[in-house]
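# Commentary on secondary and tertiary structure
Read off the chains here:
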Amino acid sequence: MEIKEIITVDKEILGGQTVFKGTRVPIESLFDHLEAGVTIDEFLEDFPTVTKEQAVALLEWANRLLNTKDIDQLYAAVA
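What you see is a predicted model, and the numbers here were worked out from it, not measured in a lab.

Calculation rules
Residues numbered from 1 in each chain as written. Predicted model: local features only at pLDDT ≥ 70, side-chain atom pairs only at ≥ 80, totals over all residues. Heavy atoms only, no water. Helix = DSSP H or I, 4+ residues; strand = E, 2+ residues; numbered from the N terminus. Expected span 1.5 Å × (residues − 1). Buried < 20%, exposed > 50% of the residue type's maximum accessible area, 1.4 Å probe, protein only. Arc of directions from axis to C-beta. Contact = heavy atoms within 4.5 Å. Core = buried A, V, L, I, M, F, W, Y, C linked by side-chain atoms within 4.5 Å.

### Notes on helix H3 (residues 52-66)
The end-to-end C-alpha separation of H3 is 21 Å, in line with the 21 Å expected for 15 residues at 1.5 Å each. Of all the positions in H3, only Gln-54, Ala-55, Ala-57, Leu-58 and Ala-62 are classed as buried. When H3 is viewed along its axis, its buried side chains cluster within an angular range of 165° and face the same direction. Within H3, the exposed residues directed more than 90 degrees away from the buried face are Glu-53 and Arg-64. Tucked inside the fold, the buried residues of H3 contact strand E1 (7-8), strand E2 (19-20), helix H1 (27-35) and helix H2 (40-46).

### Topic: the nonpolar core
Core analysis: the biggest nonpolar cluster contains eleven residues, these being Ile-6, Phe-20, Val-25, Ile-27, Leu-30, Phe-43, Leu-44, Val-50, Ala-55, Ala-57 and Leu-58. Looking at this core, the elements with two or more residues in it are H1, H2 and H3. With three residues, the top contributor of residues to this core is H3. Among all residues touching Ile-27, those that are not within four sequence positions of it are Ile-7, Thr-18, Val-19, Phe-20 and Leu-58.

### Considering the side chain of His-33
Here His-33 shows up in helix H1. Given a relative accessible area of 18%, His-33 falls into the buried group.

Geometric values such as these leave the question of function open.
What follows is the structure in structure tokens.
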């Protein structure tokens with residue numbers, strides 16, 4: 001799944017906060033829930049507009065990004 005299918009940024013949606021595409025659910029919410037020990041399934045129950053495919057794909061993208069061996073690529077991605 002391409003990143004553009006997972007997330008979107010639009011100044012008209014939550015003031016430009018990064019959200020799951022097609023929703024008003026901030027990406028940050030997933031990470032906050034996981035940090036608090038909430039499972040993905042419980043997160044999806046709380047935010048039914050987010051699909052499991054989107055949540056899993058986002059975590060896969062984050063994993064790939066943070067495990068890159070090319071540190072310059074990582075820096076470029078977060079700049």
